Amino acid sequence: MENLFAAAYRCIMLCDPGEKVDQTRLVVQRWREGRLTAESDEPPKSIEIPGKPEKPVLVNPRVLPRRSFHTPEGRAALLHAITHIEFNAINLALDAVYRFRDLPLEYYSDWFKVADEEAQHFTLLRDRLRLLGYDYGDFDAHNGLWDMALRTAHDVLIRMALVPRVMEARGLDVTPGMIQRFQSINDDLSVDVLNVILKEEVGHVEIGSRWFHYFCDQRDLPREKTYLDLMQQYAQGRVKPPIDREARIAAGFTEQELQYLEGLL
């Protein structure tokens, strides 16, 4: 019987986006059916670059061109940027499974669930792009998401604090504004896709919060102070407005954490 770590690694390293989606969903199904074991004697490998297609070309975020939302190309570029985030989110969820060993089985089930939903999000967005006459890879993108995976590869507590509770949580803040922009031009198909993603991303961040709290309690660390200290160390401590308080509270943030992020503490 294959172990879940080998299966997750295999999916991470796949380069073709469609194959990565299909194989990720298959692996999740096999895990749910009890056809993967959580036992392995092999330590995790460092993954400097996960599997990815030749395009999009990855560039420094500062050199990505700004395109007007009022043009078809500009709207496609925005959807492409979100599609790229979801592609990386598949790898990030799979790496949360692959990298950290000897954890409760519920942990692996949670992050396989996230990987499965991220694969669905990528597919929804790619299908929408194709309806608009574009595809994933038609615009340049950046690699900042995987950089955070590398910076947090040494500690599952830090990974839980900074990937779901910083990077994914940012999506909770900005997606409502994007939905409003697409509503303003009556693009109901894009609105529907983004609403699905927003609803499920709240759950992803909540999973991160729950496991962050678990690891803090396991190590007898204060939850809020540990999070705020890690924010100072890794993420400059604050978050640019807007902050969606309702979504973040649903995802496990406390009032003290929100006030700190808003610069009120």
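What you see is a predicted model, and the numbers here were worked out from it, not measured in a lab.

1. Details of the pattern of salt bridges
Logical step 1: Taken as a whole and judged by the stated rule, the model has 22 salt bridges.
Logical step 2: The residue aspartate 95 makes a salt bridge to arginine 99 at a minimum N-O spacing of 3.1 Å. Of this pair, aspartate 95 and arginine 99 both sit in helix 3 (residues 72–99), four residues apart, which is roughly one turn of the helix.
Logical step 3: Of the charged contacts in the structure, one is a salt bridge between lysine 113 and glutamate 117, with a shortest N-O distance of 2.9 Å. Here the residue lysine 113 and the residue glutamate 117 both occupy positions in helix 4 (residues 105–131), the gap between them amounting to four residues, near one helical turn.
Logical step 4: The network of salt bridges with shared partners includes Glu2, Arg10 and Arg30.

2. Some points on the nonpolar core
Logical step 1: Formed by 83 residues in total, the largest nonpolar core has its most connected members in Tyr107, Trp111, Met160 and Tyr227.
Logical step 2: Those residues in contact with tyrosine 227 that sit more than four places away from it in its chain are Ala161, Arg165, Val166, Phe212, Phe253, Glu257 and Leu261.

3. A short note on unusual backbone geometry
Logical step 1: Cis geometry is found at the peptide bond from lysine 55 to proline 56, where omega equals 15°.
Logical step 2: Its location among the elements puts proline 56 in the loop between helix 2 (17–32) and helix 3.
Logical step 3: A cis amide bond links proline 241 to the next residue, proline 242, at an omega of 5°.
Logical step 4: Phi angles above zero are rare outside glycine, and asparagine 186 is one such case at about 60°.
Logical step 5: Tracing the chain through its elements places asparagine 186 in the loop between helix 6 (156–184) and helix 7 (188–218).
Logical step 6: The phi dihedral of aspartate 220 is positive, around 60°, even though this residue is not glycine.
Logical step 7: Mapped onto the fold, aspartate 220 is located in the loop between helix 7 and helix 8 (223–235).
Logical step 8: For aspartate 220, a relative accessible area of 69% translates into the label exposed.

4. Structural notes on the packing of aromatic side chains
Logical step 1: Here the structure, examined in full by the defined rule, presents 16 aromatic pairs.
Logical step 2: Centroid distance tyrosine 107 to tyrosine 108: 5.3 Å. Interplanar angle 85°. Geometry classified as edge-to-face. A single burial state applies to tyrosine 107 and to tyrosine 108, both of which are buried.
Logical step 3: Between phenylalanine 212 and tyrosine 227, the ring centres sit 6.0 Å apart and the planes meet at 70°, which makes this aromatic pair edge-to-face. Taken together, the positions of phenylalanine 212 in helix 7 and tyrosine 227 in helix 8 put the pair 15 residues apart, joining distant regions of the chain. Judged on exposure class, the residue phenylalanine 212 and its partner tyrosine 227 are both buried.
Logical step 4: Ring pairing ties together the aromatic residues Phe5, Tyr107, Tyr108, Trp211, Tyr214 and Phe215, which thus form one cluster.
Logical step 5: For arginine 165, the ring lying beneath its charged end belongs to phenylalanine 253, and the centroid distance is 4.2 Å.
Logical step 6: In this structure, arginine 181 packs its charged tip against the face of phenylalanine 69, placed 4.4 Å from the ring centre.

Basis of the calculations
Residues numbered from 1 in each chain as written. Predicted model: local features only at pLDDT ≥ 70, side-chain atom pairs only at ≥ 80, totals over all residues. Heavy atoms only, no water. Salt bridge = Lys/Arg side-chain N within 4 Å of Asp/Glu carboxyl O. Helix = DSSP H or I, 4+ residues; strand = E, 2+ residues; numbered from the N terminus. Core = buried A, V, L, I, M, F, W, Y, C linked by side-chain atoms within 4.5 Å. Buried < 20%, exposed > 50% of the residue type's maximum accessible area, 1.4 Å probe, protein only. Contact = heavy atoms within 4.5 Å. Phe/Tyr/Trp six-rings, centres within 6.5 Å; stacked < 30°, edge-to-face > 60°. Lys NZ or Arg CZ within 6 Å of the ring centre and 35° of its normal.

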